[in-house]
Amino acid sequence: MLLLRALLLTTMLSRAIAFLPAAPRILAPRHLQPVCRLFSTVGELEDKIKVKGDEIRQLKETGLSKSDLAPHITELLSLKSSLEDLNNPPAAAPVEPGQAELRQARIDKFKLIEEGGGRPFDYSWNNNINAEGLKTMFEGKLDSGEDDPEQFKVSIAGRIMARRVFGKLAFFSLQDETGAIQLQFDKKLLNQADADAFKHLKAWTDSGDIIGVTGTVRRTDKGELTINCDTWKMLTKAILPLPDKFHGLTDVNKRYRQRHVDLIVNPDVKATFRARAMITSSIRRQLDERGYLEIETPVLQSTPGGAEAKPFETFHNSLGLDLTLRIATELYLKRLIVGGFHRVYEIGRIFRNEGLSTRHNPEFTSIELYQAYADYNDMMELTEDIVCNIVDQLHGSDAVQYGEDTISFAKPWRRVTMNDIVKEHMGFDFGTLDQDDPASLAVAKKKATEAGVPGVETLKSVGYVLNQCFEELCEAKIVQPTFVTDYPTDVSPLSKPHRSKKHTVERFELFATGRELANSFSELTDPLDQRERFEAQAAKKADGDEEACGVDEEFLTALEQGMPPTGGLGIGIDRLVMLLTNSQSIRDVIAFPLLKPETAA
Amino acid sequence: MSEPESKNAMKKRLKAEAAAKKKAEKEAAKKAKEAAQPAKAKKHVAGGDEDLDPTQYYSNRVSAIKKIQANGGNPYPHKFHVSHRVPDFITSFASLPDGERDETQTVTVAGRINSVRGQGKLYFYDLKGDGEFIQIMSDLKTYESEDGFAEIHRTLKRGDIIGCTGYPGKSKTGQLSIFPTSMILLSPCLHMLPKKVGDRPAITDQETRYRQRYLDLICNNENRKIFEIRAKVISYIRRFLDTRHFLEVETPSLCLLPGGATAKPFKTYHNDLSQEMFMRIAPELPLKKLIIGGLERVYEIGRNYRNEGIDLTHNPEFTTCEFYQAYADYEDLMNMTEEMVSGMVLQVCGSYKISFSPKPGAPEVEVDFTPPFKRISMISGLEEAMKIKLPSLDDPECDKKLAKILKERELECQPPHTTARLLDELVGEYLEDNIVNPTFITEHPEIMSPLAKYHRSKKFLTERFELFVAGRELCNAYTELNNPSVQRERFLEQAAFNADGDDEAMCLDESFVLALEHGLPPTGGWGLGIDRLTMFLSNKNNIKEVLLFPAMKPNLEEMAILAANKPKEDAVDANAKKYPPCPPTVFKVNGSEEDLGSEHGMKLLSSVLKSSTWISGGQPTAEDAKLFKVVEGMPRECVEFFGEVKGWFYSCAQFSEGVRGNWK
C-alpha cells in the first residue's frame, strides 16, 4: 500500500499539466516534467514475468524435474500476484465506515436549506469566467492586499474543496474545470443583499458541495488571488464527502471504478482526457485537410473479419440472427474504396473478447484509413506526419518522456526490415534461406531454438518462424519509434505481395516503447490471391485456431469489381494516448475501463 | 457473247483480276497471320464484348488477367502516383480554350472507367475519380508507342481502375480531357457493371444497392452525396461544440447494466470474465458521471444499439450525439439547439428551407428551419389541440380516464396501459403528427421522463423538451435530474413498470445513484439522432439510405455462407467427451457437500476454482491442500475433464507434500 501511495504521488507530480486560460484551450509544453521512475513498475513487472516464464519454459525443455521447477514457479506466481495487486487491488466498499453518519447529516441539511428558502439541487447558474481565466486576467496585477480598482464583477461556480469558517469570515477553496480559486466571505458584505446569507453559508455548506458565487477580485495580504464574494447560492448539495484530501484517492481500483471521484481529486486525470480529445481531434483535422472523408461502418456483423481475434457474440431478436461485434473496420472500409471514395477513415470502437491487462481492454478505439493509389511507403510518411504534428501540438518539442525513456519523434524514424532486425538480435540471417527448399524450415527452427525462441516446433513455414523470432527477441526491445517492414506473407493475409521480394508482403508495423502502435500495408487487391489467403486462414480455423478468419465471399465479390492500388493504415488510439501522456496502463486513458466485477474479487 | 473485248475493257478486267488476286493473297496472308495470332483476329472495337452473358464475361476477364500475369505483367500494381485528383484536374484546367492542349505539362490522373468508345487510332473513355468525371481522349499519335497503344486499348474494359499520364486539354467540342502518352491498368473489374439507361439509375434494386453498397456508389454517383452530407453534419456538430469548449470523450459500449434510455439491449458474453454484458442503449449515465467529475462540458458522438425491429426509421445500431453542460438548463439548451440546427441546415443546404418527403411516395413538404422554433408545452398543447381538459396527473383514476379518452377517439395503445404510454399515444396523434416546421414539445410529465428534473414551478412536470421536425423526433433534452433520492425513487417506479410487463422501462443503476450522491452540478443534457438529421438534409425517408451498410435480413445465399463459416457443430458433438466413470468422492464445495465423482459436482468445483486466487496468481491455501488430497485419489481423466480443475491440480502438483502441508 505504501508503494501505491508513492506511485500515485509521483504520477500526480509528473502529470501536472498547466492550462492556458480561455479559448482555445491548448496544452502547455510538458517536456520539462520530472521523470517518473516508480510508476514504470507495472511495465517492469510485466517484463520480469515474461522473462521468468521463458526461463521456466526453457528449464522444462531441459527436462528438469517438477520439484526442481517448483521454486521458479512460485517466484513467477508471486510476481503475477504483485502485478494483480497493482492492477486490481481488492474492491473497497462503496461507503466506508463512519460515512453513513456523515451522509445522513448531509441529507438532514436538505430540510434546513429548503426552510431557509434555498434549494439543495438548484436549476442553473451563469458563469462569466473560470478559475484559470481569472488568474490570467489578473496575472502581474494587484499588489498584496489590493482590491481590483475596476471592480470587475465575477460570477463563477464550482465544487468546494476546502472550507475554513471563522466568526465573521470564511475562506473556501473552489475548484472548477480549469483549476482552483480562493473565495472570501465577509459577513458584513455578504449580508448586505440577504441578511441570513452568512449564517446559511455556515450552516448549509460542506466540502464537496457545488456553489455559485458573485463578487470582486482582491489579492490577500499573502498574495493569493481571491474572490471577495457578495452573494452565494447553493447549487448542488453533495451527500457523500470527498475522499480525505491528504490521503487522496490511492486505491487504484476505486479510481477506475469511480472515475468521477478520481477526476475530482486528481487534476492530472483531467489532463489525460483532455490530451486524448486533442489527439483524436488533431488526427481528424489532419485527415480532413488532406481530403479524407470520415465514415461509419457497422459494428454488428454476421462474419467477423479484418483481423485475427476472438469476437463477442450477440443475437438480434427480431431478425433471429447471430451477430458478432467487429474486430476491425478493415473489410468494410475497403469496400468503400472499391465504391469510389478515394480517401476514407473511421475512428471507432473495436471489440475483442480477450482477457484484461494493462494493455488490453475488450473495447478500444482505433483509426483505420485507406488511400487509393498509395502504398505502404506513403503510409509511413503519413504516419510520421500525423504523429509528429500531434507530438508538437501536445509537447511543443519532438521528444516525449515515457517512464524512464525519452522517446524522440524526430523525423525520419528508423525503417528496418523484419529480416534485418531479427538478424541484429539473433545473429542469423533468414534471408540466406531458400524458402522454396523444404529443408529450410528445419534449419530455421533449429536456429530459432538455439536462440532460445520458444514454441517454434509446430510452426508450418519459415515465415511463421521468422515472425516468432521477431516477436520473442526484438519487439520488446524497440524503444524509439521504428517501422518494422516487409513481413512474411503467411502472417499477413490482407497484404499485397512485395513488389520484389519473394515470400514477403508490403507491410509495416510501427513500434515504440516495446509496443505495437500502428499496422499498415499496401492492400491486397487481387481477388484470386485474396481467395487463396482466406482459404489458408479457413484451414487454420478448421485446425482449431479460434482467431483465424474464414472466407468472406462478399468481400471477395467486392474485390472482383476492382479495387485501386491502396495503402491502408491502422493506429491504436489508446496506445498512442498512453505513449503521449506517459500513462503506463490502458486503464489510465479509458474513462471507464472494464474491470472485474467487484463480487468476483 | 463472244464479242471481242475492247482494249479498255481488257485493261479493266486485268486490273480487276490483279486486284482480286492481290486481295486473295492478302486474305490468305491475313488468315495465316490470324492462325498464328488468334488474339488479333478481329479489328478491335471498344466495349464490343458487353453482349456476352455475365458468367462468360467473368471467365474471359479472369483468363485475360491470368495471361497478363503469365507474360510477366502485373494487373495489380503496387502504386500509381496521382498528380491531380479528378476534381483538382477539373478546377486546374477548366479554363483552357476549346480544341487546345497544354503540352508543356504532363499530369497523372487515376480512376474508374465509366464508359468506352472508339476503335483503331482513337479511343474515348469517361474516367470517374472522387465522384467527378473527365474524358480520356487517346490517339495513336500522342501515345508513347504503337504496340503499347494497341495493347492497352485491347486490355481495358468498362469498370477497370486505370492510371493515365498525359497532357491536359479540351476537345474541339469543349470537353475537358486528358490526352494520354501512356495508360496503365491498376485493377481490373472482373464483372460487367450495370449500365445507366436513360434517366433510370444503373441499379434500382434496393437489396443490391444496400448489400453491395460499393456497386451502388460506383454506378449511382448521386448517392455519394448523402454520405458527404452525413460527414458534414457530424463535423459541423463537432466544430459547434468544440468552439464552445466542450470536450469530446468516449464512454463504454459494453456495460454490465444498460441504462440511460428505455429499450431492449443486445446481450453478449465476456469469455475471460465469464460475465454477461450488454451493448449500450445510450451513453447518458457515464457522461453525467464525467460532469460530476468536473469535466464541465462533455460530448460523445457514437454508436448506440437497440435490439429492435428494422423499419424505415430504425436500424439496430445508430449514431447519436449527446452533450452535457454544467450550470445550464433546458431553456439554455433550446436556444443552443435553435442555433446549432438552423446554422447547420443553412451551411449544408445553403438555405433555411429544405424539401422533405416524409414517407415513400408522399408529396414533398417544405420545412423551414428559420429560428426561433415554435415551443409547445405538452399538456396544455394537448388540451388545446383536443379541446378538452385532461385529468390531473395525480388523479388516481388518471389511467382509466385517459384510456376512456383514447377509446372515444378510436385510438389504440399497446398494453400495459400506464399513464406514460397512454399520454404518449395522444401526443403522437394530436401534436407530433401535425408538426412540419421544427417545433419544441416541452415540459413532459415526470412519469414519462425518469432522468429529467422535476419542473421548478409546475407540479408533476419536468424541465424537458423534444424537437420535432416533420412529425419525427430529432432531439431530446432536459435539465438533468441531480437529486439522488428522487432519482432512486424514479428508478424504483420504473422497476415497478418493468414488473408490470413494460420491458422498456429502466432498471435501477446503483452505481449511478452513488455517483449522484457526490453531487452533480445543475446540468443540461441533450441528445440528437445523427441518422435522422442526415435523412432530413438529404431528403431520404428510409434510414437505410443514410447508412453505408444498413442491417439486412440475410438472404439465402448469405445464410449458406454463414453456415459454411460456422465451426462445424457435428464435429464438436462427435468430439464431445462424456464425463468418465468415477467412484463417489464427496467434498464440501461452497459450503455444501458435493459428489466430485459426478459431472455436476465437478462442474461446480470448476466454477468455484475459476475465481480461486491460486490459479489467477495468488497464494495457495490450506483449503487447496485439503482439496488436492481428495482429488489426487480420483481417476486422472476425471480430474482433467474441466480446464479449471486440471490447471489447479497441476499447479498444486508442482509442490511436494511437505510444502503443501505448510500452506495456510
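Predicted model only: the values in this text are computed from it and were never measured.

Our next topic: the interface of chain A and chain B. Opposite the 124 residues of chain A that make contact, chain B presents 117 residues. For the pair chain A and chain B, the summed buried area comes to about 10,200 Å², and 58% of that belongs to carbon and sulfur atoms. When the area that chain A buries against chain B is broken down by residue, the three leading residues are A:Tyr123, A:Tyr373 and A:Gln561, summing to 9%. On inspection of chain A and its partner chain B, the count reaches ten salt bridges. B:Arg303 is the salt-bridge partner of A:Glu296, the closest N and O atoms lying 3.4 Å from each other. On the surface where chain A and chain B come into contact, there are 59 residue pairs in polar contact (both at pLDDT 80 or more). With nine residues, helix H3 (residues 66-87) of chain A is the single largest residue contributor to the side of chain A that touches chain B. Split into classes, the residues belonging to the side of chain A that touches chain B amount to 56 nonpolar, 31 polar and 37 charged.

Moving on, we come to the pattern of salt bridges. Under the criterion given, the structure shown has 77 salt bridges over all chains. Of the charged contacts in the structure, one is a salt bridge between B:Arg238 and A:Glu294, with a shortest N-O distance of 3.3 Å. Here the residue B:Arg238 occupies a position in helix H7 (residues 224-243), and A:Glu294 occupies one in strand E6 (residues 293-294), the pair thus bridging two chains. A salt bridge links B:Arg209 to B:Glu545, with the nearest nitrogen and oxygen atoms 2.7 Å apart. Taken together, the residues B:Arg209 in helix H5 (residues 206-211) and B:Glu545 in the loop between helix H15 (530-537) and helix H16 (556-565) connect sequence positions 336 residues apart. This pair shows no difference in class: B:Arg209 is buried, exactly as B:Glu545 is.

This part is about the UniProt feature "domain: Aminoacyl-transfer RNA synthetases class-II family profile" (unreviewed entry) in chain A. Those places that UniProt annotates as "domain: Aminoacyl-transfer RNA synthetases class-II family profile" (unreviewed entry) correspond, in this numbering, to residues 273-597 of chain A. With 34% helix and 21% strand, residues 273-597 of chain A has its two end C-alpha atoms placed 24 Å apart.

Take the packing of aromatic side chains next. Residues and elements named next belong to chain A. In the structure shown here, the tally under the stated rule is 22 aromatic pairs over all chains. Ring plane angle 70° and centroid distance 6.4 Å describe the contact between Phe 470 and Tyr 487, whose orientation is recorded as edge-to-face. Here Phe 470, found in helix H15 (residues 462-474), pairs with Tyr 487, found in the loop between strand E15 (482-485) and strand E16 (507-512); they are 17 residues apart in sequence, far enough to count as distant. Take Phe 470: its relative accessible area is 1%, and that puts it in the buried class. Here Phe 470 and Phe 511 contribute two aromatic rings whose centre-to-centre distance is 5.3 Å and whose plane-to-plane angle is 70°, an arrangement assigned as edge-to-face. Taken as a pair, Phe 470 in helix H15 and Phe 511 in strand E16 lie far apart in primary sequence, 41 residues in all. One aromatic cluster is present, formed by Phe 409, Trp 413, Phe 483 and Phe 508 through successive ring pairs. A cation over an aromatic ring shows up here: Arg 343 above the ring of Tyr 292, its NZ or CZ 5.6 Å from the ring centre.

Now for the nonpolar core. Formed by 45 residues in total, the largest nonpolar core has its most connected members in A:Ile295, A:Leu336, A:Phe341, A:Val344, A:Tyr373, A:Phe534 and B:Leu548. Among the elements of the structure, helix H11 (330-338), strand E11 (363-372) and helix H17 (553-560) of chain A together with helix H6 (213-219) and H7 of chain B are those that each provide at least two residues to this core. No other element matches H11(A), which puts six residues into this core. Residue contributions to this core reach at least three from each of two domains, namely domain 1 (54-187) and domain 2 (226-373 + 437-546) of chain B. Not counting residues up to four positions away in its chain, the partners in contact with A:Tyr373 are A:His342, A:Asp378, A:Pro564, A:Pro565, A:Thr566, B:Lys79, B:Phe80, B:Val82, B:Ala110, B:Gly111, B:Ile161 and B:Leu186. Core analysis: the second largest hydrophobic core is formed by 43 residues, A:Ile386, A:Phe409, A:Trp413 and A:Ala518 among them.

Before going further, it helps to spend a moment on the packing of helix H16 (residues 527-542) of chain A against H17(A). Residue and element names in this part refer to chain A. Between H16 and H17, the shortest axis-to-axis distance is 9 Å and the interhelical angle comes to 160°. By the angle between their directions, the pair H16 and H17 is classed as roughly antiparallel. Crossing of H16 against H17: the hand is right-handed. Of the residues in H17, those in contact with Pro 527, Gln 530, Arg 531 and Phe 534 of H16 are Glu 553, Phe 555, Leu 556, Leu 559 and Glu 560. Tallied by class, the residues present in the contact of H16 with H17 amount to five nonpolar, one polar and three charged.

The next point concerns the domain arrangement of chain B. Along its sequence, chain B is carved into domain 1 (54-187), domain 2 (226-373 + 437-546) and domain 3 (586-661). Averaged C-alpha coordinates put domain 1 of chain B and domain 2 of chain B at centres separated by 49 Å.

What follows deals with unusual backbone geometry. The omega torsion of the bond from A:Lys411 to A:Pro412 falls at -5°, within 30 degrees of zero and hence cis. Mapping A:Pro412 onto the fold places it in the loop between strand E13 (405-408) and strand E14 (414-417). Here the residue pair B:Pro371 and B:Pro372 is connected by a cis peptide bond, since its omega of -5° sits within 30 degrees of zero. Turning to its location among the elements, B:Pro372 is positioned in the loop between strand E13 (365-368) and strand E14 (374-377). Phi is positive for A:Asn582, close to 55°, though the residue is something other than glycine. Its location among the elements puts A:Asn582 in the segment after helix H18 (573-580). By relative accessible area, which is 5% here, A:Asn582 ends up buried. Positive phi is not limited to glycine here, since B:Ala470 has a value of about 45°. Along the chain, the position of B:Ala470 falls in the loop between strand E16 (464-469) and strand E17 (472-479).

Definitions and cut-offs
Residues numbered from 1 in each chain as written. Chains lettered and ligands numbered in written order. Predicted model: local features only at pLDDT ≥ 70, side-chain atom pairs only at ≥ 80, totals over all residues. Heavy atoms only, no water. Contact = heavy atoms within 4.5 Å. Buried area = accessible area lost by both parts, 1.4 Å probe. Salt bridge = Lys/Arg side-chain N within 4 Å of Asp/Glu carboxyl O. Polar contact = N/O pair within 3.5 Å; in protein donor to acceptor, adjacent residues only side chain to side chain. Helix = DSSP H or I, 4+ residues; strand = E, 2+ residues; numbered from the N terminus. Nonpolar A, V, L, I, M, F, W, Y, C, P; charged D, E, K, R; others polar. Buried < 20%, exposed > 50% of the residue type's maximum accessible area, 1.4 Å probe, protein only. UniProt positions renumbered as here; feature names shortened; annotations may be inferred. Phe/Tyr/Trp six-rings, centres within 6.5 Å; stacked < 30°, edge-to-face > 60°. Lys NZ or Arg CZ within 6 Å of the ring centre and 35° of its normal. Core = buried A, V, L, I, M, F, W, Y, C linked by side-chain atoms within 4.5 Å. Domains from an automatic or database assignment. Axes fitted to C-alpha atoms, helices over the stretch in contact; angles between N-to-C directions. Parallel < 35°, antiparallel > 145°, perpendicular 65-115°, else oblique. Left-handed = near helix turned anticlockwise from the far one by under 90°.

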